[in-house]
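Remarks on the overall topology
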Number of protein chains: 2
Amino acid sequence: MKLEEPQALNAFGALSQETRLRMVRVLVQAGPEGMAAGAVGEAVDASSSSASFHLSHLERAGLIQSRRESRSIIYSANFEGLAGLVEFLMRDCCSGHPEVCLPAASVAAECCTPANAKETACAC
Amino acid sequence: MKLEEPQALNAFGALSQETRLRMVRVLVQAGPEGMAAGAVGEAVDASSSSASFHLSHLERAGLIQSRRESRSIIYSANFEGLAGLVEFLMRDCCSGHPEVCLPAASVAAECCTPANAKETACAC
DNA sequence: TCAATATCTCAATGAATGTTGAAACAGTGG
DNA sequence: CCACTGTTTCAACATTCATTGAGATATTGA
């Protein structure tokens with residue numbers, strides 16, 4: 001997903017808050033199945049109304065998504081959005097300078113070890 | 001440069017503001033030689049005091065750096081800091097999920113074309 | 001339908017952030 | 001040393017953001 005500047009601003013703003021950054025981490029760990037709103041709030045030690053506020057914020061910013069599952073609302077990481085943000089940072093913001101891209105490339109190479117790159121085809 | 005969570009929060013906060021995001025872009029384009037504070041302010045259409053405020057903010061966040069050069073203060077992008085932020089996003093925040101890393105890897109591959117990867121040795 | 005559970009919405013409050021203009025400070029050239 | 005240029009600092013103000021508690025909404029099981 002290609003991010004434009006306003007979306008990138010929203011995404012950075014969303015990640016610039018401790019509770020929300022932790023929520024993203026928790027949801028990334030949880031993977032595509034995601035977690036119920038209440039569970040996320042508990043994991044980051046936020047009241048239910050505070051959790052709801054921050055989760056909506058993250059969803060508006062395109063970093064997470066939600067689906068209803070009986071009484072619960074399940075939130076999960078939006079990997080496309082997160083990838084888009086990394087891409088924005090590397091490409092638009094940093095103009096593809098090697099000083100930024102090369103370290104990123106080596107992180108990418110690491111993450112593509114068999115341990116992490118399960119079913120996904122790996123280009124590295 | 002390895003970023004910890006508080007530094008990453010500061011960096012995201014710094015980039016979540018339009019004027020500052022544009023300043024970073026301008027300074028990245030300018031390269032290591034950098035630009036005088038006044039020139040950056042002019043480029044992003046900010047008053048001198050507003051420019052000074054945002055430049056300090058970016059410097060505190062580790063995204064840019066400054067040096068005095070006669071009467072001017074020259075700001076330049078801190079590529080280590082920017083790379084650290086990309087790395088944080090990929091590694092700590094996204095746990096190295098392939099959904100995020102693979103797109104990043106292809107951006108990195110692009111940026112390592114001869115056009116951009118001048119004197120820097122390229123691992124791609 | 002009722003009670004219980006899970007979540008969201010709303011309004012109020014205080015804290016943090018951004019903007020402005022005036023004034024201070026530092027370095028340079030005459 | 002003085003006037004000038006480039007930049008920062010400061011205080012005041014408006015705006016935005018985060019937290020809270022109370023209440024509204026939706027879903028389920030009895």
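Since this is a predicted model, take the numbers as computed values, not measurements. (Residues numbered from 1 in each chain as written. Chains lettered and ligands numbered in written order. Predicted model: local features only at pLDDT ≥ 70, side-chain atom pairs only at ≥ 80, totals over all residues.)

**Some thoughts on the protein's contact with DNA strand C**
To be explicit about the condition: The criterion for a residue being near a molecule or strand is simple: its C-beta atom, placed using the backbone, must lie within 6 Å of it. Classes in brief: Ala, Val, Leu, Ile, Met, Phe, Trp, Tyr, Cys and Pro nonpolar; Asp, Glu, Lys and Arg charged; the others, Gly included, polar.
Near DNA strand C, the surroundings consist of 21 residues, among which A36(A), G38(A), S49(A), S52(A) and S70(B) are the closest. Tallied by class, residues from the surface near DNA strand C come to six nonpolar, 13 polar and two charged.

**Details of the relation of the copies chain A and chain B**
How we decide: Fitting of the copies onto one another was done by least squares over C-alpha atoms, counting residues only where both copies have pLDDT of at least 70. By the criterion used throughout, residues are in contact when their C-beta atoms, derived from the backbone, lie within 7 Å.
It takes a turn of 180° to lay chain A on chain B, together with a shift of 0.0 Å along the axis; the resulting RMSD is 0.0 Å. Both copies of the chain, as the preceding transformation shows, are related through a two-fold rotation axis. An overlap of 100% is found between the interface residues of chain A and their copies at the interface of chain B, pointing to a shared contact surface.

**Digging into the interface of chain A and chain B**
Going by this rule: Here a helix means four or more residues in a row that DSSP labels H or I, a strand means two or more in a row labelled E, and each is numbered from the N terminus.
Listed by partner, the interface residues are 45 residues for chain A and 45 residues for chain B. Secondary structure elements with two or more residues in the side of chain A that touches chain B: α1 (5–15), α2 (18–30), α5 (79–93) and α6 (98–111) of chain A. Element by element, the count of residues in the side of chain A that touches chain B is highest for α6(A), at twelve residues. For the side of chain A that touches chain B, the per-class residue count stands at 30 nonpolar, eight polar and seven charged.

**Remarks on the pairing of strand β2 (residues 64–69) of chain B**
Residues and elements named next belong to chain B. We count it as follows: At least two bridges found by DSSP between two strands are what make those strands a pair.
One ladder, built from six bridges, connects β2 with strand β3 (residues 72–77); its direction is antiparallel. Across the sheet, the residue bridging to E69 is S72, located in β3. Following β2, the chain reverses through two residues before pairing antiparallel with β3; S70 in that reversal takes a positive phi of roughly 55°.

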